[in-house]
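Architecture and fold: a report
Single-letter residue listing:
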Amino acid sequence: MSKLLKPGTYFLEGNIACAEAALLAGCRFYAGYPITPSSELMHHMARRMPEVGGVFIQGEDEIASIMMALGGSAAGLKSMTATSGPGLSLMQESIGLAAMLELPVVIVDIQRAGPSTGIPTLMGQGDIMQAKWGSHGDYEVVAYLPSTPQELFDITIEAFNTAEEYRVPVIVLADKIIGQMYGRIKVPDHSEIKLIERKKPAIPPEKYMEYLPYDSRELIPPFAAAGDGYRIHMTGLMHDDRGYPNLSQEASWKLVTRLVRKIRENARKIAKWGEHWIDDAEYLIVAYGSVSGPVRYAIKKAREEGYKVGLFRPLTAWPFPGWRIKELDNSGVIKKFIVIEVNMGQIYHVVREYVRNAEVIHVPGAPGYLPEPQRILSYIKKFCR
Amino acid sequence: MVLTLSVLKSKSKYRPIFYPELCKGCGICIDVCPVKMLEFSPEFNEKGYHYPRIKDGMEDRCIGCRLCERYCPDLAVYVEVKKE
Amino acid sequence: MIRELPPAYKDIEPLIRIERLPTIWCPACGLGIILKLYTKAIVKSGIPPEKHVIVSGIGCTGRMAGYVRVDSYHVTHGRAIPFAVGIKMAKPWLTVTVISGDGDIASIGGNHLIHAARRNHDITVIVVNNYIYGMTGGQSSPTTPSGSKTMTSPYGHIEEPFNIPYLAYAAGASYIARWTVFHDIQLLNSILKAFRTKGFSVIEVLNPCTVFSYRNNIDMLELIRYFRTRAIVKRDVKFEDLRIEFGKPIIIGEFLHRTDKPSFEEKYLELKKKIGGG
């Protein structure tokens, strides 16, 4: 533990804070590929992993990186990779595999402006939908939306815990600004950092043959790592409780429902969000990530002029805390939800899904550019009347 | 190798034994047998494959080369070694 | 349901998931022979089965992991090698083997093959080459010989195939061998040697395929006879001369065995010790 960041206050680049948080969370396997604006995270891991006795490898491409991380996870190590939009796109098939094999893994996406090569050095919020729907078929992932380097630090530790607890791939949707800006990072006492490990089988390897590795009555099966002696079989094919390929309708229903129920039934435990100036709010801005910075500033100014506007700040894109949006909508107090994001409408559609009464206004943004506080203030003045 | 009449008449200590339920009727063992002592049986297994049998009168021909056992992809035949 | 195997297989029976037999492979496909040889190699390796891991990709050969009773992983198309590398790097004391097909390893997985060879990861890759994508109905693969017919080369293949041993050699592998599935004794010994080699081992296994035989109007047993009789074992041979051409003799053998190059895992361990991570 002495090789980890000691408790205290630091001034760190977001990417570095994220890497250090991962190490504190117990991450001991990093495989990555260079991509702006996430590379600093990888450079830091290259230096730190040999120090803490972990594994570092630069893969030949993003697909190799995520697959190596999955191999590390299959062997029982907490594993991670970091990338940006284009890399996340490349990793999608492997994310589907992680969901199907129920391998915990953390993927940090330092989003940049897209689509395609886009603007590599400027922020973006264009991967929200990709995080949820990027791979084929039905599965659930958890995706976080930190908005500051401190939040990126805290959320990274939580991401590992969530991945371990639910045996699911977890995506941390940061962006270039959060990743590459410097911020004050408070590292708590290590004893205060709660860590969750994946559930181990309750029976010894010799009793394996009588044991159902994926007893579908349990939502989250225990995890036997490679080399633990259980001689498990994991396959990306549809499989039954034994883990063997089974393409029947019964197996299909049982497996896929369990994969989605794992997260859906625990959505209220997993989802996080922030509510600011909500008590007297009649208009609610929905914003996340680095956009919440200028939004907060604009709201402060607007409230000084008497506008009753608040901020709903999702900290998880998936599962999205839609029930809270629905509650706020049903209360009748909120007249309008104004979704401000730097994309052509991603969280906007999710908010619309939960709002029946109020109006939902969409404020898209040019990928790469934070809306300026003055412009947001002008929107508030325009819509909040 | 010269096969003398006495060798042909002696009772062999080797014999191929088949596990019909594992067989897929591929015919490799029949084709590869150097003394050509195997043929397809008119019987078939649960999957519908005809499995091999020793040709009539050739029960003692097996020379124990074990090519049938080695090349069977389905672990459906082995060569029994009779102990005297 | 299959409950037991013939007594000759008593030693490998605990290593085969017999409850899943018979295998899904076509009658006369040599993959069943490879299953027997790989499990035999595990028994003879002296390394306990708990320390063996098999990773396979997609395709007929990819189904191999599903029949072996060790920690087995059946992953996505072309990605068996990086997954296996991840396991090996996390637990370097495990013996990790990739068994996958020519399309999986040399087409979609080609980049992973050459980089894993370049880094000299201490794993064994058994490339089962049937010259075609069998599982999906018979499309051409990077090893399809020039002139042969497949679903995507119905007029005769106009491409040249990969020379896998040459590719592996150029990329930096430590042990390279090629056998047909009928050269079982040599193949078994190669697998054992690959287990013992500290570095990247590539064993190309030529396997006749019913889909290939059907597309090219060859009787399957005839194709099997061709593999058995037209394969020539050569020792001192140049890698460039290992191309496979339809109708010509196939050169098989053990082509490279280097013991002077440290594996990636050895070097990383050394680095960790030096930097203080133990």
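Residues numbered from 1 in each chain as written. Chains lettered and ligands numbered in written order. Predicted model: local features only at pLDDT ≥ 70, side-chain atom pairs only at ≥ 80, totals over all residues.

1. Remarks on the interface of chain C and chain A
With 34 residues of chain C in contact, the opposing surface of chain A contributes 38 residues. Mapped onto the side of chain C that touches chain A, the elements with two or more residues apiece are strand 2 (71-74), helix 2 (80-90), helix 4 (110-119) and helix 9 (264-275) of chain C. Per element, the largest residue contribution to the side of chain C that touches chain A is eight residues, and it comes from helix 2 of chain C. Looking at the side of chain C that touches chain A residue by residue, the class counts come to 15 nonpolar, eleven polar and eight charged. (Contact = placed C-beta atoms within 7 Å. Helix = DSSP H or I, 4+ residues; strand = E, 2+ residues; numbered from the N terminus. Nonpolar A, V, L, I, M, F, W, Y, C, P; charged D, E, K, R; others polar.)

2. A short note on helix 3 (residues 62-74) of chain A
Helix length check: helix 3 of chain A, at 13 residues, gives a terminal C-alpha distance of 18 Å against a target of 18 Å (1.5 Å per residue), a fit within 8%. Counting buried positions over the 13 residues of helix 3 of chain A gives 13, a clear majority of the element. (Expected span 1.5 Å × (residues − 1). Buried ≥ 20, exposed ≤ 12 C-beta atoms within 10 Å, placed from the backbone.)

3. With respect to the nonpolar core
In a soluble, globular protein the nonpolar side chains are often hidden away together inside. Grouped together as the largest cluster of nonpolar side chains are 225 residues, with contacts concentrated most on Val-106 and Val-141 of chain A together with Val-55 of chain C. Beyond its immediate chain neighbours, meaning those up to four positions away, Val-141 of chain A contacts Ile-95, Ala-99, Ala-131, Lys-132, Val-168, Pro-169, Val-170, Ile-171 and Trp-318 of chain A. (Core = buried A, V, L, I, M, F, W, Y, C linked by C-beta atoms within 7 Å.)

4. Some thoughts on the interface of chain B and chain C
If you look at the interface, chain B gives 17 residues, while chain C gives 22 residues. No other element matches helix 3 (residues 67-71) of chain B, which puts three residues into the side of chain B that touches chain C. Grouping the amino acids of the side of chain B that touches chain C by side-chain chemistry returns nine nonpolar, two polar and six charged.

5. So, the sheet that holds strand 2 of chain C
Ordered by their spatial adjacency, nine strands build an open sheet running 10(A)-2(C)-1(C)-3(C)-4(C)-6(C)-5(C)-8(C)-7(C), and the pairing between neighbours is mixed. The outermost strands of the open sheet, each flanked by one partner alone, are strand 10 (233-235) of chain A together with strand 7 (231-233) of chain C. Neighbour-to-neighbour, the strand axes of the sheet open up by a mean angle of 20°, direction not taken into account. Here three bridges tie strand 10 of chain A to strand 2 of chain C, and the two strands are oriented parallel to one another. When the bridges of strand 2 of chain C are listed, Met-234 of chain A appears paired with Tyr-73 of chain C. (Pairing = 2+ DSSP bridges. Axes fitted to C-alpha atoms, helices over the stretch in contact; angles between N-to-C directions.)

6. Things to note about the arrangement of the chains
The highest contact count of any of the two pairs of chains in contact belongs to chains A and C. Nothing in chain A touches chain B, and the closest approach of their C-alpha atoms is 19 Å.

7. Let's talk about helix 10 (residues 292-304) of chain A
Residue and element names in this part refer to chain A. With 13 residues, helix 10 should cover 18 Å at 1.5 Å per step; its first-to-last C-alpha distance of 18 Å lies within 8% of that length. On the buried face of helix 10, the contacting elements are strand 12 (283-286), strand 13 (309-314), strand 15 (336-340) and helix 13 (373-383). Positive backbone phi, at 95°, marks Gly-306, one or two positions downstream of helix 10.

8. A closer look at the sheet that holds strand 11 (residues 273-276) of chain A
All names here are of chain A. Reading across the sheet, the five strands line up as 11-13-12-15-16 and stay open at both edges, with mixed pairing between neighbours. The two strands at the open ends of the sheet, each matched to only one other strand, are strand 11 and strand 16 (359-363). The mean angle between the axes of side-by-side strands here comes to 20°, regardless of whether they run parallel or antiparallel. Note: strand 11 against strand 13, four bridges, orientation antiparallel. Pairing of Gly-274 across the sheet is with Arg-313, part of strand 13. Lying on the sheet, helix 12 (residues 347-354) is in contact with strand 12, strand 13, strand 15 and strand 16; it crosses strand 15 at an angle near 160°. Sheet strands touched by helix 13: strand 12, strand 13, strand 15 and strand 16. Its angle to strand 15, the strand with the most contacts, is close to 160°.

Any functional reading would require information beyond the geometric quantities listed.
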